[in-house]
Amino acid sequence: MDKLRQQALDYSLGILPKEEAILFEASLDVDDDARKFLIEAGEDCANLSLLASPSEASVELRHRVMENSAPKKDFNPFLESDVINRLRYNYTTPNNRYTGGGGSAKLSEIGVSAVEDRLEEIYLDLLALFVLVGGNSAAAEGDFGELKSWIGQTNPLGLGISETLALPLPGEAAPAQSARRSLLAALPSLAFFVERVGDGSATLADVRRIFYLCRDQLKIMRASFSDLDPAKLADDEELRLHGAGLLRSKWWGAEHAYFSTNGKVRCGHFFEGPVTERCVEFAEYDSNIYCLANLLATKSGNGEFHLELFKDAIPSGVLAVAMAETSLENHVKLENLALGVGNNGHSPANDLALWKLVESSLLRGNHEISAEAIKDVPVLGCSRFEDSTYLWFTWPSIPNSHEGALAFTGNPEQ
Amino acid sequence: MPRIENEIWTRIKDGDSAALAELYDGFAAAMFSLSLEILRDRWEAEEVIQDVFSYLWRKPEAFSPDKGKFSSWLLVLTRNRSIDRYRSRKRRVDRNESDDILSSRSDQTQPDAAGEAVSSDERAHLRLAFSELPEDQRKALELSYFGGMNHVEIAELLDLSLGTVKSRIRLGVEKLRYSLTSLRT
């Protein structure tokens, strides 16, 4: 009896060896004592939980949690469209998954010292900022003093993004693309929220947003420049699954900004499970989502846009979609980018750069598809339904992915 | 114990968003406190709470009343997801602080945000009972419940036999149970 009781407690604590856990689970169907002890162990664990020091979550967490119960946007018209059907029937995953290195350059290869210096400064600033906004920082407890003081002493990140972009970057080669990615993907949003802290209007939610943006920006920069931080890059290249939950945590109910434009993000169709295998791959994925979000942020008619991940819409692919209500005029601007007529001088240079960044990343992620074949297998596109623009891309799914990439306990429900 | 009845689960299962809000308002603070105790990282603890509520909304059938109290199930789920994250993080960075998990936060004087959900009498009683446990039992319990260590790891850390670790944890748990039972009856 004591052994059964011990097993029930260990099972509840998630430390019963797997084979014993399977046997214990089987015994629950037939053994009243096993069931009784399991309930008792659950109660014991609940009692232990009450020993935790009382703490209060941020007000914003409630909004994010309640978004779960909000009605989901109907994406079926888009998912049943001709272009998505074409993708559905023609898409195949590459034999070898992206492991990093593609599109990466050396910082010194940019060849414009002002850009090289600025990027290095930004990276070093972000390393310092990351510590100040971590989940165990004073700022995370609502004390912004140290963070604000640091921002006051440091060149605000926002200063110089546009100026740096205006410098003559060398064409479309990898060094220039890496510089644009480092300056345009997550950095404008990060600079926006840092400025909020600087001017004293930031909330805890803004600090949390800075944390995620900072983490992503650091990874994106490391993946972009192989000589920026080789030791950390080597760690980023290690096999480590990244779940859709990571994207949900930071996008669900978030505010997103692109330079001076900001809007609310809505989600609803995210799934549980991994989307990428390594940090360097996740940096590509993340950067693509930021780029699409940035493209839509300035064109949304109501200041809102949706970000969604669909696991089963494309066999062996995960479909990422950014959608917003747009005017026809704004939609045409985006459509021109997708049609390749964005470089005729009518599209803002940054919009074109954002689109090109996603395009080149998708050729890396789906590296067995040539640039010419993309018309038949449209891994990236822009569509319109009713009064909304849909920007989307497909990334290879991870085969045999288990549900809940972050769940390691043998039986997390218990 | 938190006053969260199984009835609220039935309503969530039926898609009642007001029930989800009620559950959050009455119980999220207790869940968050637990997760923060384990992870000591506010953003990660918030992620866990977000994940747990999302999971519950999508798969309410993961719980069933024959598993016991809904509140206990939620706390154990929160604890296990927090431990998973902690272990995942620990694999990457050895934080080297595994033997003082609970006591390092004991001097916090934050507002009793979980007070709505948890009777302060019960919590105070439980903390007192915990502090009165023999130190070896207390340590083993801390390492197991909040540190997510298994028996072998605890045995190695405390230089004890496996059997001793198991019995200390079990005895500690039983003493706390009897202590609370006496309060409630």
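Examining the overall build of chain A
Part 1: Counting its regular elements, chain A contains 17 helices and 8 strands.
Part 2: For chain A, whose C-alpha radius of gyration is 23 Å, the value lies close to the compact-globule estimate of 22 Å for 414 residues.
Part 3: The buried share of chain A, taken over its 414 residues, is 50%.

Quick look at the sheet that holds strand β3 (residues 261-266) of chain A
All names here are of chain A.
Part 1: Spatial strand order, β2-β3-β5-β6-β8-β7: 6 strands in an open sheet with mixed pairing. Each of the sheet's edge strands pairs with one partner strand only, and the pair in question is β2 (255-258) and β7 (380-385). On average, each strand axis in the sheet is tilted by 30° relative to the strand beside it, whichever way the strands run.
Part 2: Its contacts with the sheet place helix α17 (residues 349-365) against β7 and β8 (388-396), and it is angled at close to 30° to β8.

Digging into helix α16 (residues 328-338) of chain A
Residue and element names in this part refer to chain A.
Part 1: Looking only at α16, the buried set comprises H331, K333, L334 and L337. Mapping the buried residues of α16 onto a view down its axis gives an arc of 155°, with all of them on the same face. Facing away from the buried side of α16, by more than 90 degrees, are the exposed residues L328 and E329.
Part 2: Those residues of α16 hidden inside the fold are in contact with α15 (279-297), α17, β7 and β8.
Part 3: Among the residues trailing α16, G340 stands out with phi positive, at a value near 80°.

Some details on the domain arrangement of chain A
Part 1: Domain annotation for chain A reports domain 1 (2-49) and domain 2 (66-396).
Part 2: Computed from C-alpha atoms alone, the centre-to-centre distance between domain 1 of chain A and domain 2 of chain A is 45 Å.

Overview of the packing of helix α2 (residues 18-28) of chain A against helix α3 (residues 32-49) of chain A
Residues and elements named next belong to chain A.
Part 1: Across the interface, α2 lies against α3 with an axial gap of 7 Å and an inter-helix angle of 110°. Overall, the two elements α2 and α3 adopt an arrangement that is roughly perpendicular. Contacts between α2 and α3 involve F24, S27 and L28 on the former and, on the latter, A34, R35 and L38.
Part 2: The class makeup of the residues in the contact of α2 with α3 is 4 nonpolar, 1 polar and 1 charged.

Reading guide: rules and limits
Residues numbered from 1 in each chain as written. Chains lettered and ligands numbered in written order. Predicted model: local features only at pLDDT ≥ 70, side-chain atom pairs only at ≥ 80, totals over all residues. Helix = DSSP H or I, 4+ residues; strand = E, 2+ residues; numbered from the N terminus. Rg over C-alpha atoms; globule rule 2.2 N^0.38 Å. Buried ≥ 20, exposed ≤ 12 C-beta atoms within 10 Å, placed from the backbone. Pairing = 2+ DSSP bridges. Axes fitted to C-alpha atoms, helices over the stretch in contact; angles between N-to-C directions. Contact = placed C-beta atoms within 7 Å. Arc of directions from axis to C-beta. Domains from an automatic or database assignment. Parallel < 35°, antiparallel > 145°, perpendicular 65-115°, else oblique. Nonpolar A, V, L, I, M, F, W, Y, C, P; charged D, E, K, R; others polar.

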